[in-house]
Amino acid sequence: MENSKIKKHQLISHTNGKSLEEINGTVKVPKNASFFKTLLAYSGPGALVSVGYMDPGNWSTSITGGQNFQYLLISVILMSSLIAMLLQYMAAKFGIVSQMDLAQAIRARTSKSLGIVLWILTELAIMATDVAEVIGAAVALYLLFKIPLILAVFITVFDVFLLLLLTKIGFRKIEALVVCLILVILGIFVYQVALSNPDWRAIMEGFIPTAKTISTSPTVAGMTPLSGALGIIGATVMPHNLYLHSSISQSRQIDHQDGKEVARAVRFSTWDSNIQLSVAFVVNALLLIMGVAVFKTGVIKDPSFFGLFDALSTPSVLSNSILADVAKTGALSVLFAVALLASGQNSTITGTLTGQIIMEGFVHMRMPLWARRLLTRLISVIPVLVCVSLTKNLSLVDQHVAINSLMNDSQVFLAFALPFSVLPLLILSSSKQEMGEFKNSRLIAFLGWFSAVALTVLNIIGLPDQIKILFPKNLLWAADGISGLLIILMLGLLIWTIFDLRRSSKALRQSRQS
């Protein structure tokens, strides 16, 4: 008893139990209820996952893509969303069936040293998204309340108190809060796009992918269709969401000895995930449509949040008189900033949960959620503060571009980390030894591997350009060398990971046969 009290008050403690033990199996679900009542009981985890698909990092990419290429890239948003649905289905199913999250499963089947490497890599990816959340929330506070940007960045650190409050009210209420914030974001963009009266026929035609979608020409404002498509894919398919979903899908209370009950949990978790990811798809599509229909073509010279806020309050750059009249009231720009703040706060919740999952899973360490959040956020605000400080003497447009570039450049870690969550998930969820009757069907496995290889190849193709952005022109030769080295490291680490997983799977199969 005394030892448990001491452990409870330790800031960092050892753990090797259930994934997110505080919420695992805590939400009761009805056994003989109607379809919709059962779906409602399982709804929630999908909302937390969908947050990662519409966080502040997505906004600039989608709106700028619409400005530069009209509806050409909306097909990329559709394909990315379908891939996301497939991967999240596998992640949720794996968590429910195996009763382990993805980080725990990878760590149990690989060496300790590889587990630490993958933990660090995933932590960097989470911090990269946290940089986008810091920028989004700080800019929203600046735009709404005219708080100086440096002070606004510091204020974002205190969202740890919001998280501390949320941990006291129960997981089901956290899910409800996230859904409400998503509905706020969706409602704002539906309203703004509805006022713009877009060309719906052109939108429908845009959903059909063509060779132009991944073309390297034309170049508009430094963006090609291919680079725009890679940006959308990189901002949409998030590696840490797979870890999150494999854990929180276990929050429902089910009898794992009953195959029918497990199958029902997988079925309704899939419904929940697909519905919520469909909402995320609509939000991302609306962002691209905003870039085309809300603004006049080519008028967005500053694609940062500051520039978009100013554009939404400038009648002369908007596409029709209705939007111009509403813009005069300031409503469009204020609603945009409110949606930005809501998106940042949503991502705060899910980012912290994911960080805890990978820390517990890969290195068997646990921290209180508030301490975990505080540590991650303090690290994430450093590059933002440095960027704001170094650019304070530049023009406003240059400051805005620099902050926007920092947000976009930080996403390079997502591209690097993605294969190390997707490929293990495919190997584990397609294994008869791991999943039994719930292993991926041949069709699901084929689509999964096709998507994984396509995403990995596209990320490798896009990586050199993302690295070059970080270097001045006279050092581009160094950027090429670093890009090559990173690609070699990525491929080497992937081979190591796959080898360890295959070896573990073979050993497990042999032990069961004997």
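Residues numbered from 1 in each chain as written. Predicted model: local features only at pLDDT ≥ 70, side-chain atom pairs only at ≥ 80, totals over all residues. Heavy atoms only, no water.

J.: Can you help me understand the overall build of the protein chain in this one?
T.: When you go through the protein chain residue by residue, the secondary structure sums to 24 helices and 4 strands. Computed over C-alpha atoms, the radius of gyration of the protein chain comes to 23 Å, within 12% of the 24 Å expected from 2.2 N^0.38 for 514 residues, which places it in the range of a compact globule. Taken along its principal axes, the extent of the C-alpha atoms in the protein chain is 75 × 50 × 45 Å. Looking at the 514 residues of the protein chain, the share that counts as buried comes to 57%. Summarising the internal contacts of the protein chain: among those between residues at least 6 apart in sequence, 82% fall at separations of at least 24. As displayed, the protein chain has an accessible area near 21,900 Å², and 67% of this comes from carbon and sulfur atoms. Side-chain charges in the protein chain split into 39 positive and 27 negative, and the spacing between the mean points of these groups amounts to 6 Å. (Helix = DSSP H or I, 4+ residues; strand = E, 2+ residues; numbered from the N terminus. Rg over C-alpha atoms; globule rule 2.2 N^0.38 Å. Buried < 20%, exposed > 50% of the residue type's maximum accessible area, 1.4 Å probe, protein only. Contact = heavy atoms within 4.5 Å. Areas by Shrake-Rupley, 256 points an atom, 1.4 Å probe, with all protein chains shown as cover. Lys, Arg positive; Asp, Glu negative; His and termini not counted. Charge placed at Lys NZ, Arg CZ, Asp CG, Glu CD.)

J.: Sorry if this is basic, but what is going on with the packing of helix 4 (residues 56–69) against helix 17 (residues 331–363) here?
T.: Two measures define how a pair of helices packs: the angle their axes make with one another and the distance between the axes. Direction vectors running N to C along helix 4 and helix 17 enclose 135°, while the axes themselves pass 9 Å from each other. Regarding the angle of helix 4 to helix 17, the classification is oblique. Residues Pro56, Trp59 and Ile63 of helix 4 touch helix 17, and the partners they reach there are Phe336, Ala339, Leu340, Ser343, Gly344 and Ser347. In terms of residue class, the contact of helix 4 with helix 17 is made up of 6 nonpolar, 3 polar and no charged. (Axes fitted to C-alpha atoms, helices over the stretch in contact; angles between N-to-C directions. Parallel < 35°, antiparallel > 145°, perpendicular 65-115°, else oblique. Nonpolar A, V, L, I, M, F, W, Y, C, P; charged D, E, K, R; others polar.)

J.: Please clarify how the pattern of salt bridges should be interpreted in this entry.
T.: Pairing is possible between side chains of opposite charge, provided their charged atoms come close. On inspection of all chains with the given rule, the structure shows 9 salt bridges. Of the charged contacts in the structure, one is a salt bridge between Glu434 and Arg109, with a shortest N-O distance of 2.6 Å. Residue Glu434 is located in helix 22 (residues 432–435), and its partner Arg109 is located in the loop between helix 6 (102–108) and helix 7 (112–145); the two are separated by 325 residues in the primary sequence. Exposure remark for Arg109: the relative accessible area of 16% places this residue in the buried category. Of the charged contacts, one joins Arg172 and Glu175 as a salt bridge, the two residues approaching to 2.8 Å between their closest N and O atoms. One end of the pair, Arg172, and the other, Glu175, are both in helix 10 (residues 171–196), 3 residues apart, so they sit about a helical turn from each other. (Salt bridge = Lys/Arg side-chain N within 4 Å of Asp/Glu carboxyl O.)

J.: Explanation requested: the side chain of Thr224 in the structure shown.
T.: For Thr224, the position within the fold is in the loop between helix 11 (200–206) and helix 12 (225–236). Given the relative accessible area of 15%, Thr224 is considered buried. Leave out the neighbours within four places in its chain, and Thr224 touches Phe69, Ser215, Thr216, Pro218 and Thr219.

J.: Would you explain unusual backbone geometry in this entry?
T.: Glycine aside, the phi torsion of most residues is negative, and most peptide linkages are trans. Positive phi outside glycine occurs at Gln70, with the angle close to 55°. Tracing the sequence through the fold places Gln70 in the loop between helix 4 and helix 5 (74–98). Even without being a glycine, Lys146 presents a positive backbone phi close to 55°. For Lys146, the position within the fold is in the loop between helix 7 and helix 8 (149–157).

J.: What is the right way to read the environment of Gly330 from this model?
T.: If you trace the backbone, Gly330 turns up in the loop between helix 16 (321–328) and helix 17. Of the residues examined, Gly330 reaches a relative accessible area of 17% and is grouped as buried. When the C-alpha atoms of Gly330 and Phe309 are compared, they prove to be 9.7 Å apart, with 21 residues separating the residues in sequence.

J.: Can you walk me through the side chain of Thr456 in this structure?
T.: Take Thr456: it is sitting in helix 23 (residues 442–468). Residue classification places Thr456 among the buried residues on the basis of a relative accessible area of 11%. Here the side chain of Thr456 touches Ala452 through a polar contact of 2.8 Å, landing on its backbone oxygen. Filtering out sequence-adjacent residues up to four positions away, Thr456 remains in contact with Pro419 and Leu494. (Polar contact = N/O pair within 3.5 Å; in protein donor to acceptor, adjacent residues only side chain to side chain.)

J.: When you look at the packing of helix 7 against helix 15 (residues 305–312) in this model, what are you seeing that I'm missing?
T.: Contact geometry for helix 7 and helix 15: axes closest at 10 Å, N-to-C directions at 35°. In this structure, helix 7 crosses over helix 15, and the sense of that crossing is right-handed. Side by side, helix 7 and helix 15 meet where Ile135, Gly136, Val139, Tyr142 and Leu143 of the first sit next to Phe305, Phe306 and Phe309 of the second. (Left-handed = near helix turned anticlockwise from the far one by under 90°.)

J.: Just checking my understanding: could you explain the confidence of the model for the protein chain for this structure?
T.: Close inspection of predicted coordinates is inappropriate for parts of the model with low pLDDT. This prediction gives the protein chain a mean pLDDT of 84; 93% of its residues lie at or above 70. Considering only residues more than four positions removed or in separate chains, one finds that residues 1–8, a stretch of pLDDT under 50, has 2 contacts. (pLDDT = per-residue confidence, 0-100.)

J.: Quick question: what am I supposed to make of the packing of aromatic side chains here?
T.: Note on aromatic pairs: each is described by the distance of the centres and the angle between the planes. All told, the structure shown has 11 aromatic pairs when counted by the stated rule. Both rings, one in Phe35 and one in Phe36, keep their centres 5.3 Å apart while their planes meet at 90°; by these two values the pair is edge-to-face. For Phe36, a relative accessible area of 65% corresponds to the exposed category. Linked through ring pairs, Phe35, Phe36, Tyr42, Phe268 and Trp271 together constitute an aromatic cluster. (Phe/Tyr/Trp six-rings, centres within 6.5 Å; stacked < 30°, edge-to-face > 60°.)

J.: Explain helix 16 to me, please; I cannot follow it from the model alone.
T.: Those residues of helix 16 that sit buried are Leu323, Ala324, Val326 and Ala327. Seen along its axis, helix 16 keeps its buried residues to an arc of 165°; they face one direction. More than 90 degrees from the buried face of helix 16, the exposed residues found are Ser321 and Lys328. Backbone nitrogen of Ile322 and a side-chain oxygen of the N-cap are separated by 3.1 Å at the start of helix 16; the cap is Asn320. Trailing helix 16 by a residue or two, Gly330 shows a phi angle of about 85°, which is positive. (Arc of directions from axis to C-beta.)

J.: I'm lost on the environment of Ser319 in this one. Help?
T.: Structurally, the position occupied by Ser319 is in the loop between helix 15 and helix 16. Not counting the four nearest positions on each side in its chain, Ser319 is found in contact with Ser196, Ala293, Val294, Phe295 and Lys296. A polar contact of 2.3 Å, which involves the side chain of Ser319, links it to the backbone oxygen of Ala293.

J.: Whenever I open this one, the environment of Asp302 confuses me. Can you help?
T.: Looking at the element boundaries, Asp302 is found in the loop between helix 14 (259–294) and helix 15. On the basis of relative accessibility, which here comes to 12%, the residue Asp302 falls in the buried class. As for Asp302 and Asp272, which are separated by 30 residues in sequence, their C-alpha atoms are 37 Å apart. Once residues within four sequence positions are removed from consideration, Asp302 is found in contact with Gly307, Leu308 and His400.

J.: Looking at this model, I keep getting lost on a nonpolar patch on the surface. Mind explaining?
T.: Taken together, the side chains of Ile116, Ile120, Leu124 and Phe413 present a nonpolar region at the surface, about 300 Å² in accessible area. Among the elements that make up the nonpolar patch, the one with the highest residue count is helix 7 (3 residues). When its relative accessible area of 33% is taken as the criterion, Ile116 is described as partly exposed. (Patch = residues over 30% accessible without salt bridge, like charges linked within 9 Å, V, L, I, M, F, W, Y side chains within 5 Å.)

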